[in-house]
Number of protein chains: 2
Amino acid sequence: MRCGNPWAHQRLVAEGLRITEARRIILNILSKTSKHLSAEDIYFLVRGINPSIGFATVYRTLDLLTRMGMVQKFDFGDGKARYELIEGSRKDAHHHHLVCTKCRKIVNYTDFVDEEKELIKKTEDALAKKHRFDIKSHIIHFYGLCETCRSEDKNHNPSLGKLSM
Amino acid sequence: MRCGNPWAHQRLVAEGLRITEARRIILNILSKTSKHLSAEDIYFLVRGINPSIGFATVYRTLDLLTRMGMVQKFDFGDGKARYELIEGSRKDAHHHHLVCTKCRKIVNYTDFVDEEKELIKKTEDALAKKHRFDIKSHIIHFYGLCETCRSEDKNHNPSLGKLSM
DNA sequence: CCCCCTAATGATAATAATTCTCATTATCAT
DNA sequence: ATGATAATGAGAATTATTATCATTAGGGGG
Ligand SMILES: [Mn+2]
Ligand SMILES: [Mn+2]
Ligand SMILES: [Zn+2]
Ligand SMILES: [Zn+2]
């Protein structure tokens, strides 16, 4: 059972879980992208490789990997969840997000993580002590308008746009 | 048209929107709590005050207030959105969240915002410049186990619990 | 205070994402 | 290779949220 991802393979085996084709394919897809794929996105990519794999299995697998802590599930404000493999499998490190509220573009950023990392760590420790939490992870999202959407807005901007119902 | 919230009242009027009973009630509910209410939670509270108000109006109002920037919509990982009034109406300031992934308890924290605020600001500025974004808001969530859930876990913890499918 | 325009609403149907069910299949320890 | 059973595929079911549309009520002008 050749698997492109020895790290992920081991984690599954360590939990007594089986290495199935669906899991292999999904892990491969996730490890090859830095995009933020929805379950449906992943389903279509999976079915391009093996059309016999079902949608439910994609959901089940994403949920499993999320519960195992190998995948992080995000909500960026459109109706659907997005998934991303966590460091350990892909080599690029933990990062935060910049989200355009208009066109839904998502930017991963790892800049400034030096200072940021330090403060996050400090905050985590202090919060853990103060609120008696065992902190496992965090999510940091900045929301705004990307360059494109910002300039588009400058033109036709009647106060606040279509706000009424 | 007495309204418990002059600030909110003005914002609505300024946009040419009507001050309806549903809006008044919902704004009042939101301004009286620091909980993280779902649309359904709010619907039941609303109907305790005026049972003739419909669920759709609750959704519409929450969406309107969110688009106006008076309410922030959150996803804490359970299937439903949660809503919180933004500073300006309630007097307590912007805050971040600590979420227990087991019992779903949510803690608002405003501790450490001094250092945090500074870094957030710095990060925002740097990101705005680097990625040409006009940043409007951010969300910071820490996930982990609260004290209760942590100690419960210590007892019966077969490796990783019910992980399989 | 009354009228009128129309934004806003209530009831309910419709959507869309996600989860569940159950018969069948495939993984893997033996 | 075989058996126990974890995992799957297909599709039904569930659930949160949104759309539709006839009716109501907010509020400016008289
Ligand atoms: Mn990312
Ligand atoms: Mn909060
Ligand atoms: Zn954009
Ligand atoms: Zn807890």
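The model shown is predicted, which means the values in this text are computed figures rather than measured ones.

### Notes on the coordination of the zinc ion (ligand 3)
Residues and elements named next belong to chain A.
Alright, step 1. Protein ligation of the zinc ion (ligand 3) involves Cys-100 (SG), Cys-103 (SG), Cys-146 (SG) and Cys-149 (SG), the donor distances falling in the range 2.2 to 2.4 Å.
Alright, step 2. Its 4 donor atoms give the zinc ion (ligand 3) angles of 103 to 114° at the centre, a pattern that matches the tetrahedral case.
Alright, step 3. Classification of Cys-146 as buried rests on a relative accessible area of 1%.

### Re the sheet that holds strand 6 (residues 134–145) of chain A
Alright, step 1. Read from one edge of the open sheet, 6 strands run 5(A)-4(A)-6(A)-6(B)-4(B)-5(B), paired in mixed fashion. Looking at strand neighbours, the two that pair on one side only are strand 5 (106–109) of chain A together with strand 5 (106–109) of chain B, the edges of this open sheet. Strand-to-strand twist of the sheet, defined as the mean angle between neighbouring strand axes without regard to direction, takes the value 25°.
Alright, step 2. Across 4 bridges, the pairing between strand 4 (residues 96–100) of chain A and strand 6 of chain A is parallel. Counted as the bridge partner of Cys-100 of chain A is Gly-144 of chain A from strand 6 of chain A.

### Considering the protein's contact with DNA strand D
Alright, step 1. Taken together, 22 residues lie around DNA strand D, and Ile-53, Thr-57 and Arg-60 of chain A together with Ile-19 and Tyr-59 of chain B are the ones closest in.
Alright, step 2. One of the side-chain nitrogen or oxygen atoms of Thr-57 of chain A is found 2.4 Å away from a phosphate oxygen of DNA strand D.
Alright, step 3. Between DNA strand D and the protein, one listed contact pairs a phosphate oxygen with a backbone N or O atom of Ala-81 of chain B at 3.0 Å.
Alright, step 4. Elements with a contribution of two residues or more to the surface near DNA strand D: helix 2 (21–31) and helix 4 (55–68) of chain A together with helix 4 (55–68) of chain B.
Alright, step 5. For the surface near DNA strand D, the residue count by class is 10 nonpolar, 6 polar and 6 charged.

### Observations concerning empty space enclosed by the protein
Gaps left between atoms show up when a probe the size of a water molecule is rolled over them.
Alright, step 1. By the definition in use, this model includes 1 cavity of 30 Å³ or more.
Alright, step 2. Its volume calculated, the largest cavity comes out at about 60 Å³.
Alright, step 3. Within the residue set of the lining of the largest cavity, elements represented by two or more residues are helix 5 (113–131) and strand 6 of chain A together with helix 5 (113–131) of chain B.
Alright, step 4. Of the residues that constitute the lining of the largest cavity, the class distribution is 7 nonpolar, 2 polar and 2 charged.

### A word on the environment of Cys-103 of chain B
Residue and element names in this part refer to chain B.
Alright, step 1. As for its position among the elements, Cys-103 is in the loop between strand 4 (96–100) and strand 5.
Alright, step 2. Expressed as a C-alpha distance, the spacing of Cys-103 and Cys-149, which sit 46 residues apart in the sequence, is 7.0 Å.
Alright, step 3. In contact with Cys-103, not counting residues within four places along its chain, are Cys-146 and Cys-149.

### Considerations on the domain arrangement of chain A
All names here are of chain A.
Alright, step 1. Domain boundaries in chain A define domain 1 (1–89) and domain 2 (94–165).
Alright, step 2. With 11 residues of domain 1 in contact, the opposing surface of domain 2 contributes 11 residues.
Alright, step 3. The largest contributions to the domain 1 side of the interface with domain 2 come from His-36, Gln-72 and Phe-76, which together make up 53% of the buried area.
Alright, step 4. One can count 0 salt bridges joining domain 1 with domain 2.
Alright, step 5. Element by element, the count of residues in the side of domain 1 that touches domain 2 is highest for strand 2 (residues 71–75), at 4 residues.
Alright, step 6. For the side of domain 1 that touches domain 2, the per-class residue count stands at 2 nonpolar, 4 polar and 5 charged.

### Re the coordination of the manganese ion (ligand 1)
Residue and element names in this part refer to chain A.
Alright, step 1. The manganese ion (ligand 1) binds to the protein through His-36 (NE2), Glu-84 (OE), Glu-84 (OE), His-95 (NE2), His-97 (NE2) and Asn-108 (OD1), with metal-donor distances spanning 2.0 to 2.5 Å.
Alright, step 2. Geometry at the manganese ion (ligand 1) is irregular, judged from the 6 donor atoms that bind it and their angles of 52 to 162° at the metal.
Alright, step 3. Read from N- to C-terminus, the donor residues coordinating the manganese ion (ligand 1) fall into the pattern H-x47-E-x10-H-x1-H-x10-N. Highlighted residues: His-36 in the loop between helix 2 and strand 1 (37–38) and Glu-84 in strand 3 (residues 81–85), separated in sequence by 48 residues. One exposure class covers both His-36 and Glu-84, and it is buried.

### Thoughts on the interface of chain A and chain B
Alright, step 1. Taken residue by residue, the interface counts 51 residues in chain A and 51 residues in chain B.
Alright, step 2. Taking both sides of the interface into account, the surface hidden between chain A and chain B amounts to around 4,700 Å²; carbon and sulfur atoms contribute 67%.
Alright, step 3. When the buried area of chain A at its contact with chain B is split by residue, Phe-133, Leu-163 and Met-165 of chain A rank highest and sum to 15% of it.
Alright, step 4. Connecting chain A to chain B are 2 salt bridges.
Alright, step 5. Ionic pairing is found between Arg-132 of chain B and Glu-147 of chain A, a salt bridge with its closest N-O pair at 3.4 Å.
Alright, step 6. Summed over the shared surface of chain A and chain B, the number is 12 residue pairs in polar contact (both at pLDDT 80 or more).
Alright, step 7. Listing elements by their share of the side of chain A that touches chain B, those giving two or more residues are helix 4, strand 4, strand 5, helix 5, strand 6 and helix 6 (147–155) of chain A.
Alright, step 8. At 12 residues, strand 6 of chain A tops the list of elements feeding residues into the side of chain A that touches chain B.
Alright, step 9. Considered class by class, the residues forming the side of chain A that touches chain B number 24 nonpolar, 9 polar and 18 charged.
Alright, step 10. Pairing between strand 6 of chain A and strand 6 (residues 134–145) of chain B: 11 bridges, direction antiparallel.

About the cut-offs
- Residues numbered from 1 in each chain as written.
- Chains lettered and ligands numbered in written order.
- Predicted model: local features only at pLDDT ≥ 70, side-chain atom pairs only at ≥ 80, totals over all residues.
- Heavy atoms only, no water.
- Donors = N, O, S within 2.8 Å, 3.2 Å for Na, K, Ca; no water.
- Tetrahedral: all angles 85-135°; square planar, octahedral: opposite > 155°, others 65-115°.
- Buried < 20%, exposed > 50% of the residue type's maximum accessible area, 1.4 Å probe, protein only.
- Pairing = 2+ DSSP bridges.
- Helix = DSSP H or I, 4+ residues; strand = E, 2+ residues; numbered from the N terminus.
- Axes fitted to C-alpha atoms, helices over the stretch in contact; angles between N-to-C directions.
- Near = heavy atom within 4 Å.
- Polar contact = N/O pair within 3.5 Å; in protein donor to acceptor, adjacent residues only side chain to side chain.
- Nonpolar A, V, L, I, M, F, W, Y, C, P; charged D, E, K, R; others polar.
- 1 Å grid on protein atoms, 1.4 Å probe; cavity = no way out; pocket = protein on both sides within 12 Å on 5 of 7 lines; lining within 4 Å.
- Points joined across faces, edges and corners; volume = space filled by probe spheres on them.
- Contact = heavy atoms within 4.5 Å.
- Domains from an automatic or database assignment.
- Buried area = accessible area lost by both parts, 1.4 Å probe.
- Salt bridge = Lys/Arg side-chain N within 4 Å of Asp/Glu carboxyl O.

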